[in-house]
Amino acid sequence: MLEIPESKTIGIQAGSTLAKKRILDVITATSPHKFAFYNGDPEDYAKLLAGREIKSANGHGMFVDLHCDDDISIIIGEGTNVRYYSSFEQRPEKHQLLIVFDDGSCVAFTIAMYGLIWACRGVFDNPYHKVSLESISPLDNAFDESCFDRIVENTTKNISMKALLATEQRIPGVGNGVLQDILFNAGIHPRQKKSALTDSRKGQLFSSLKSTLKKMTDMGGRDTEKDLFGHAGGYKTLLSKNTLNNPCPGCGGTIKKEPYLGGAVYFCPVCQKL
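The written sequence of each chain sets the order in which its residues are numbered from 1. Totals for whole chains, interfaces and linings use every residue, but because this is a predicted model, local features are given only for residues with pLDDT of at least 70 and side-chain atom pairs only at 80 or more, for both listing and counting. Each side-chain value is worked out from all heavy atoms of the structure, with water and hydrogens disregarded.

### Quick look at the environment of Met-62
On the secondary structure map, Met-62 appears in the loop between strand 3 (54-60) and strand 4 (63-68). Using a relative accessible area of 10% as the deciding quantity, one classes Met-62 as buried. Note: C-alpha distance between Met-62 and Gly-177 (115 residues apart in sequence) is 12 Å. In what follows, residue pairs with any heavy atoms lying within 4.5 Å of each other are defined as contacts. Met-62 has contacts with Leu-2, Ile-76, Gly-77, Glu-78, Tyr-128, Ser-132, Gln-169 and Gly-173, leaving out every residue within four places of it along the chain. The way it works is that DSSP assigns letters per residue, a run of H or I at least four long becomes a helix, a run of E at least two long becomes a strand, and they are numbered from the N terminus. Buried, partly exposed and exposed residues are distinguished by accessible area as a fraction of the type maximum, computed with a 1.4 Å probe on protein chains only: under 20%, between the cut-offs, and over 50%, respectively.

Encoded structure:
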């Protein structure tokens, strides 16, 4: 899933790799997916995109925007995987969209569970995308403790830490994936209520949010996700599907996995006491 470390990484990679490439052809899904969401009819994408040149790319929140000339953008969100193939590599047989460039290279968009692939001219009228563009990222210096305090204060006292950080896009691009290590590094249980959060613990959570996301991004994303070239990120997750059977990195105890709020949470019952 695209979260801040991956959207930033792929945005940077796409900006340097795809800039000045001109779109030769657009091939619609060879493997249709009922949870692939497009902007209008994807059959019209070829008419909109053919001949356009990629100018820049921007990763923010759970989105990556590819900006073309003529005020046209290609936007991917959350569950969409994007992979670049050079002219020497074999293109994938199955995809939800394939964009071919005039130098023979291409980018393939694929979706496992659900995902967004939007092509549009001008500003895309989507509330989540708009909020993501307008919000201050935890990676920015402007996201300070007072900014975090305002987010926390604008929630009910019984909200859990997972719900506070990873729902309602209060912090765009922070989801159930990056949440695990953020909470572990802060020593906070995913089910802990805000009402039990002391000022000291809130400060630890803010610090962990900033430092964990920065480390994940600096290392090219998490090892549970792939970048533009199909490589796993360099950040080794502490709590994830990759480490489920490993001992806790803090105390050596047993990591637990439980379903919670529509997804799995990983935690150490010793280091993250509820």
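### Comments concerning the packing of aromatic side chains
Two rings belonging to Phe, Tyr or Trp (six-membered ring only in the last case) form a pair when the distance between their centres is within 6.5 Å. Interplanar angles under 30 degrees mark stacking, angles over 60 mark edge-to-face geometry, and anything in between is tilted. For the coordinates displayed, the defined rule picks out 6 aromatic pairs. Consider the rings of Tyr-38 and Tyr-45, whose centres lie 6.0 Å apart with planes at 75°: the pair is edge-to-face. Judged by its relative accessible area of 21%, Tyr-38 falls in the partly exposed class. Chaining the aromatic ring pairs together yields one cluster made of Phe-63, Trp-118 and Phe-124. To sit over a ring, a charge needs its Lys NZ or Arg CZ within 6 Å of the ring centre and within 35 degrees of the ring normal. Lying across the ring of Tyr-85, Arg-83 places its NZ or CZ 4.4 Å from the centre.

### Remarks on the sheet that holds strand 1 (residues 23-28)
Any two strands between which DSSP finds at least two bridges are classified as paired. As summarised here, the arrangement of the 4 strands in space is 1-7-8-6, forming an open sheet in which the pairing is antiparallel. Each having just a single partner strand, strand 1 and strand 6 (80-85) make up the two edges of the open sheet. Taking each pair of neighbouring strands and ignoring which way they run, the sheet shows an average axis angle of 15°. Every axis corresponds to a line fitted to the C-alpha atoms, with the helix fit spanning only the stretch in contact, and the corresponding angles, defined between N-to-C directions, vary from 0 to 180 degrees.

### Examining the state of the cysteines
Disulfide: a pair of cysteine sulfur atoms within 2.5 Å of each other. Summed over the entire model, instances satisfying the criterion amount to 0 disulfides. Cysteine Cys-268 shares no disulfide, and the gap to the nearest cysteine sulfur, in Cys-251, comes to 3.6 Å.

### Quick notes on the packing of helix 6 (residues 176-186) against helix 7 (residues 199-218)
Two elements in contact, helix 6 and helix 7, have axes whose closest approach is 8 Å; the angle formed by their N-to-C orientations is 130°. Considering the angle they form, helix 6 stands oblique to helix 7. Of the two possible hands of crossing, helix 6 and helix 7 adopt the one that is right-handed. In contact with Val-178, Asp-181, Ile-182, Leu-183, Asn-185 and Ala-186 of helix 6, helix 7 contributes Arg-201, Gln-204, Leu-205, Ser-208, Leu-209, Thr-212, Leu-213 and Met-216. Between 65 and 115 degrees an angle is taken as roughly perpendicular, under 35 as roughly parallel, over 145 as roughly antiparallel, and anywhere else as oblique. For any helix crossing, the convention is left-handed if the near helix is rotated counterclockwise from the far helix by under a right angle, and right-handed if that rotation is clockwise.

### Topic: the sheet that holds strand 2 (residues 36-38)
Strand order in the open sheet formed by 5 strands is 2-9-5-4-3, with mixed pairing between adjacent strands. Edge positions in the open sheet fall to strand 2 and strand 3, since each of these has one partner strand only. Strand-to-strand twist in this sheet, taken as the mean axis angle between neighbours without regard to direction, amounts to 15°. When strand 3 meets strand 4, the two strands line up antiparallel, connected through 6 bridges. Bridge pairing links Ala-57 to Leu-66 in strand 4. Strands in contact with helix 1 (residues 4-18) are strand 3 and strand 4; relative to strand 3, the strand with the most contacts, it is inclined by about 170°.

### Describing unusual backbone geometry
One non-glycine residue, Asp-71, lies in positive phi territory at about 60°. Mapped onto the secondary structure, Asp-71 falls in the loop between strand 4 and strand 5 (72-77). Its relative accessible area of 52% is what places Asp-71 among the exposed residues.

### Side note on the nonpolar core
Counting 29 residues, the largest nonpolar core has Leu-18, Ile-23, Leu-49, Ile-74, Ile-99, Val-107 and Phe-109 as the members making the most contacts within it. Apart from the residues within four sequence positions on either side, Ile-23 is in contact with Leu-49, Ala-50, Gly-51, Arg-52, Ile-54, Cys-68, Ile-74, Ile-99, Val-100 and Phe-101. What we call a nonpolar core is a set of buried Ala, Val, Leu, Ile, Met, Phe, Trp, Tyr and Cys residues that are connected through their side-chain atoms within 4.5 Å. Ranked by size, the runner-up nonpolar core spans 27 residues in total, among them Ile-159, Ala-163, Leu-164 and Tyr-235.

### Regarding helix 4 (residues 145-153)
Taken as a whole, helix 4 has its buried residues at Cys-147, Phe-148, Asp-149, Ile-151 and Val-152. Those residues of helix 4 that are buried are in contact with helix 5 (161-166) and helix 7.

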